[in-house]
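Notes for the structure review
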Amino acid sequence: MNQNVFVISLDFELLWGVRDKRTRESYGANLLGVRQVIPRLLELFDRYGVNATFATVGFLFAKNKEELLEFVPTDLPRYSADRYSPYANGYMDTVGANEEEDPYHYGSSLIDRILEHPGHEVATHTFSHFYCLEGASIASFEADLAAAQKIAGRKGVELKSIVFPRNQYSQAHIDSCRKAGIIAFRANEQSAVYTPRNNEDQSKVIRAARFLDTYANLTGHHSFVPVETDGIVNIPASRFLRPHTERFSPFDGRKLARIRGSMLHAAKRKQGFHLWWHPHNFGIHIDENIRFLEEILQFYRHLHQEFGMQSKTMRTIAEETLAHGV
Ligand SMILES: [Zn+2]
């Protein structure tokens, strides 16, 4: 099988993914912008023949509050701090009735838009934006995953790939996913600064190293070959696509060169390159972000023609890996 692949995965979460750190007031523009970002991404992906994986929070499938609450599991996560749980501190009372009234917590119409493009994959980012390394039990993780599968099933979506929220996971969580029929997951980049960590352990030094790694090759190219273990395939991240900011836009050329350099490194070795971000990262400065992405996709098209690099979803890569072996 061709392992020279270009993978894009998007952590699609709206406010559920940032609610412990941000509010409608502080981050609302980014979240509302997602309603323009998703159609524009779909249009761009069509134009460049890209098949993306949208790892979607389960709550976003709900059409209204009644449907959302219907799928909430009985075994709720008990984290080391209540702020991680959307079920604690009356948070659910702040969730509106439906997508029209509360576009920060609902995304059913956006999922429908993605599903109109069958080349893409709708995958899971857990039901409740579950944090695997903040003290909750494995049983509550499994209950959360089952809820995600049920609510996606109502739209006819079978979940086959997972992206773990905040990139937190352990081998036990991967085993639970495998038992639940998930065949692909996105591990973190292979470098000490990207090791899965809980919130407490994310030091300023590590954050700074990741930031600098955006512009200069500090940690390597992170090209990959998919690795199967007991029926589940690791399709690790190569690079986070950091969004446009006015302050750092003078360095955009270096950011682009860093990404292209790693894509070329992968293509020459017949390996994969996996780019990821969140749609809300693109929610402001939408034109600048889309323009930057288009430059990456133009380079992908070049690598497709020159080296036969192919854009594939996580699910497709996992299915091919399982069928043919590595
Ligand atoms: Zn997330």
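Up top you'll find the structure we're talking about.
What comes next is a walk through the structure. (Residues numbered from 1 in each chain as written. Predicted model: local features only at pLDDT ≥ 70, side-chain atom pairs only at ≥ 80, totals over all residues. Heavy atoms only, no water.)

A look at the packing of aromatic side chains
- In the structure shown here, the tally under the stated rule is 20 aromatic pairs.
- Ring centres of Phe211 and Phe248 lie 4.8 Å apart, and the angle between their planes is 65 degrees; on these two criteria the pair is classed as edge-to-face. Taken together, the residues Phe211 in helix H6 (residues 204-213) and Phe248 in the loop between strand E8 (239-240) and helix H7 (252-268) connect sequence positions 37 residues apart.
- Residue Phe211 is classed as partly exposed on the basis of its relative accessible area, which comes to 23%.
- You can call Phe248 partly exposed: its relative accessible area is 22%.
- Of the aromatic side chains, those joined through ring pairs into one cluster are Tyr79, Tyr84, Phe130, Tyr131, Phe141, Phe164, Tyr169 and Phe185.
- Over the aromatic face of Phe292 sits the side chain of Lys255, whose NZ or CZ is 4.6 Å from the ring centroid. (Phe/Tyr/Trp six-rings, centres within 6.5 Å; stacked < 30°, edge-to-face > 60°. Helix = DSSP H or I, 4+ residues; strand = E, 2+ residues; numbered from the N terminus. Buried < 20%, exposed > 50% of the residue type's maximum accessible area, 1.4 Å probe, protein only. Lys NZ or Arg CZ within 6 Å of the ring centre and 35° of its normal.)

Notes on the pattern of salt bridges
- A complete count under the given rule lists 20 salt bridges for this structure.
- Taking the shortest distance from any N to any O, the salt bridge between Arg166 and Asp20 comes out at 2.9 Å. With Arg166 in the loop between strand E4 (161-162) and helix H5 (171-179) and Asp20 in the loop between strand E1 (5-12) and helix H1 (24-48), the pair connects residues that are 146 residues apart, well separated along the chain.
- Overall, the relative accessible area of 15% leaves Asp20 in the buried class.
- Of the charged contacts, one joins Lys160 and Glu158 as a salt bridge, the two residues approaching to 3.7 Å between their closest N and O atoms.
- By relative accessible area, Lys160 is classed as buried at 15%.
- Three or more residues are tied together by salt bridges with common partners; here these are Glu158, Lys160, Arg315 and Glu319. (Salt bridge = Lys/Arg side-chain N within 4 Å of Asp/Glu carboxyl O.)

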